[in-house]
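A look at the structure
Spelled out from the first residue to the last, the chains are:
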Amino acid sequence: MFSLISDLSRWAIPIVLLVVPLVAHLRGVNVFETFVEGAEAGFGTAIKTIPYLVAMLVSISVFRASGAMDVLVNLFSPVLNLVGVPAEVLPHAIMRPLSGGAALGISTDLIKTYGPDSFIGNLVSTMQGSSDTTFYILTLYFGSVGISRYRYSIISGLAADFTTLVASIYIAHKVFG
Amino acid sequence: MVNYVWLAMMICGILVAAGTGHIEVVTKAALEGAQTGVSTAIDLIAIITFWLGIMKLAEKAGLVRGLAIMVRPITGFLFPSVPKDHPAMGAIVMNLSANLLGLGNAATPMGLIAMQELQKLNWSDKKTASDAMCTFLALNTSCITLIPTTIIGIRLIYGSQDPTQIVGTTIFATACGMSIAIFADRLLRTIYRRQGR
């Protein structure tokens, strides 16, 4: 099952690159011209996201570098210890929706310190694998089409992130505890 | 909502920096953040350009529409406001499949194409997210990755006896998150509609 999925991941893009132009050609599409026509919008789409990404990343960067995150961790860790969650994983939980790079840095560091097969190592691996950089994705996707009012997107995104966190802790206790 | 989060992070950051006597980190961090924003966008130019070209081919060949028709039963439930065989559906499905396979490089451009298609259907002032966009992003940010390749790689580097033993727990945790994402999206959509927001 595992190798099947990993083979699928390896083959997916080459297959798309084979099938799409071939089918297009067989259906009478002028492939080169059409590719260029579509690709033309690439530069504009990427550049359009700059103001949105800069706005969000400035705020995240200030929050992180100032030590405000550490204050938050210190505030919450006694409560977490009570319910059987190692405080070491809290920075990861807080950083995960904000910064993919920072979260990966934290989980790598924990795996290095405690060992990949320790409870903390397995827990933080599960947390890393099961969640995504919610704020970055919202900023990028909405930014690319010029949307600045996200309505309830952040609430549903964070509700999902929180659930994933709780579920990770639960299942890690069950399987690796 | 995004206003409050943005402002809160900024204000808390500056207050903590001032309180701990490290006010100089604020300026540096702000500029670094801006730098990261620009370089991320620049890095995206190549993959977005490439995938937009491929997607245009797929669209002209009728493949995007074909895909949209195939997944009608599920997408009809999740995206009632999007016409059944609209190209947006094809792009959404391709984005979610790429996410599922952990193909981040392909997932992002397809997601942006999906957003462009959804924006065409957005009847608001074009600055406010539509219902379908919110649902799409709820799915996207909580989407299951069958194989979390990055973290497996890191476990391997640090000598794990069984680097892939977290695959099962990861799928379980994501499935829980995704269910809540769909549920929260539905609930909030109803609430926001009732309040006319």
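Residues numbered from 1 in each chain as written. Chains lettered and ligands numbered in written order. Predicted model: local features only at pLDDT ≥ 70, side-chain atom pairs only at ≥ 80, totals over all residues. Heavy atoms only, no water.

Overview of the overall build of chain A
Formally: Only DSSP runs of H or I covering at least 4 residues are called helices, and only runs of E covering at least 2 are called strands; the numbering of each starts at the N terminus. Between the two quantities, the radius of gyration covers C-alpha atoms and the globule rule is 2.2 Å times the number of residues to the power 0.38. Burial status follows relative accessibility: with a 1.4 Å probe on protein chains alone, a residue under 20% of its type maximum counts as buried, one over 50% as exposed, and anything between as partly exposed. Pairs of residues are marked as contacts when any of their non-hydrogen atoms sit within 4.5 Å. The Shrake-Rupley method, run with a 1.4 Å probe, gives the accessible areas here. Residue values count only the displayed protein chains as cover. Lys and Arg are tallied as positive, Asp and Glu as negative. Neither His nor the chain termini are counted. Here the site of a charge means atom NZ of a Lys, CZ of an Arg, CG of an Asp or CD of a Glu.
Secondary structure assignment for chain A yields ten helices and zero strands. Listing every helix and strand of chain A by position from the N terminus yields α-α-α-α-α-α-α-α-α-α. Relative to its length of 177 residues, chain A is extended, with a C-alpha radius of gyration of 21 Å against a globular reference of 16 Å. Taking the principal axes of its C-alpha atoms as reference, chain A extends roughly 65 × 40 × 30 Å. Burial status across chain A gives 54% buried among its 177 residues. Sequence-distant contacts in chain A: of pairs separated by 6 or more residues, those separated by 24 or more amount to 63%. Counting every atom, chain A has about 7,900 Å² of accessible surface; 69% of that belongs to carbon and sulfur. Side-chain charges in chain A split into 9 positive and 10 negative, and the spacing between the mean points of these groups amounts to 6 Å.

Details of the overall build of chain B
When its secondary structure is counted, chain B shows nine helices and zero strands. Listing each helix as α and each strand as β along chain B from the N terminus yields α-α-α-α-α-α-α-α-α. Each principal axis of the C-alpha distribution contributes one length, and for chain B these read about 60 × 55 × 35 Å. With 197 residues in all, chain B has 51% of them scored as buried. Counting contacts in chain B only where the partners sit at least 6 residues apart, residues at least 24 apart contribute 55% of the total. In the structure as shown, chain B presents an accessible area of about 9,100 Å², 67% of it carried by carbon and sulfur atoms. When the 15 positive and 10 negative side-chain charges of chain B are each reduced to one mean point, those points stand 10 Å apart.

What to know about helix H8 (residues 119-130) of chain A
The cut-off we apply is this: Multiplying 1.5 Å by the helix residue count minus one yields the expected span of that helix.
A rise of 1.5 Å per residue sets the reference length of H8 of chain A, with its twelve residues, at 16 Å; its end C-alpha atoms lie 16 Å apart and thus fit the reference within 8%. Within H8 of chain A, eleven of the twelve residues are buried, leaving the element largely enclosed by the surrounding structure. For H8 of chain A, the complete set of buried residues consists of Ile120, Gly121, Asn122, Leu123, Val124, Ser125, Thr126, Met127, Gln128, Gly129 and Ser130 of chain A. On its buried face, H8 of chain A is in contact with helix H6 (90-95), helix H7 (100-114) and helix H10 (153-176) of chain A together with helix H8 (149-157) and helix H9 (167-194) of chain B.

Some thoughts on the domain arrangement of chain B
For the record, the criterion: Domain start and end points were adopted from an automatic or database domain assignment.
Each assigned domain of chain B is listed here: domain 1 (1-46) and domain 2 (62-194). Between the C-alpha centres of domain 1 of chain B and domain 2 of chain B there is a distance of 28 Å.

Things to note about the confidence of the model for chain A
The test is simple: Confidence of the predictor in every single residue is expressed as pLDDT, which spans 0 to 100.
Chain-level statistics for chain A give a pLDDT mean of 90 and a share of 98% at 70 or above. Helix H1 (residues 2-26) of chain A is the least confidently modelled element of chain A, averaging 84 in pLDDT, while helix H2 (residues 31-39) of chain A averages 95, the highest of any element.

Side note on the environment of Leu18 of chain A
All names here are of chain A. Along the chain, Leu18 turns up in helix H1. We classify Leu18 as exposed; its relative accessible area is 56%. The sequence separation of Leu18 and Gly38 amounts to 20 residues, and the corresponding C-alpha distance is 18 Å.

What to know about the side chain of Ser130 of chain A
Basically, it comes down to this: Polar contact criterion, stated in full: a pair of N or O atoms within 3.5 Å, where within protein one must be able to donate a hydrogen and the other to accept it, and residues adjacent in sequence count only if both atoms are side-chain atoms.
Summarising the element assignment, Ser130 of chain A is placed in helix H8. In this structure Ser130 of chain A comes out as buried when scored by relative accessible area, which is 4%. Among the polar contacts listed, one links the side chain of Ser130 of chain A to the backbone oxygen of Thr126 of chain A, at a separation of 2.8 Å. Ignoring anything within four residues of it in the chain, the contact list for Ser130 of chain A reads Thr164 and Ser168 of chain A together with Thr170, Ala173 and Thr174 of chain B.

Examining the interface of chain A and chain B
Definition in use: Accessible area that two parts lose when put together, with a 1.4 Å probe and added across both, is what the buried area reports. A side-chain nitrogen of Lys or Arg and a carboxyl oxygen of Asp or Glu constitute a salt bridge if their distance falls within 4 Å.
On the side of chain B, 100 residues touch chain A, which itself brings 93 residues to the contact. Both faces combined, the contact of chain A with chain B buries some 8,200 Å², and carbon together with sulfur accounts for 76% of it. Looking at the side of chain A facing chain B, the largest losses of area belong to Tyr141, Arg151 and Tyr152 of chain A, adding up to 11% of the total buried there. Asp131 of chain B is the partner of Arg151 of chain A in a salt bridge, and the nearest nitrogen-oxygen pair spans 3.0 Å.

A look at the packing of aromatic side chains
The condition that has to hold: Think of it this way: a Phe, Tyr or Trp ring, Trp meaning its six-membered ring, pairs with another when their centres are within 6.5 Å, and the plane angle makes it stacked under 30 degrees, edge-to-face over 60, tilted otherwise.
Under the counting rule described, the total for this entry stands at six aromatic pairs over all chains. Summarising the aromatic geometry, the rings of Tyr141 of chain A and Phe136 of chain B are spaced 6.1 Å apart at their centres and angled 35° between planes, so their arrangement reads as tilted. Separated into two different chains, Tyr141 of chain A in helix H9 (residues 134-144) and Phe136 of chain B in helix H7 (residues 131-142) make up a pair that spans both. As far as burial versus exposure is concerned, Tyr141 of chain A and Phe136 of chain B are alike and both buried.

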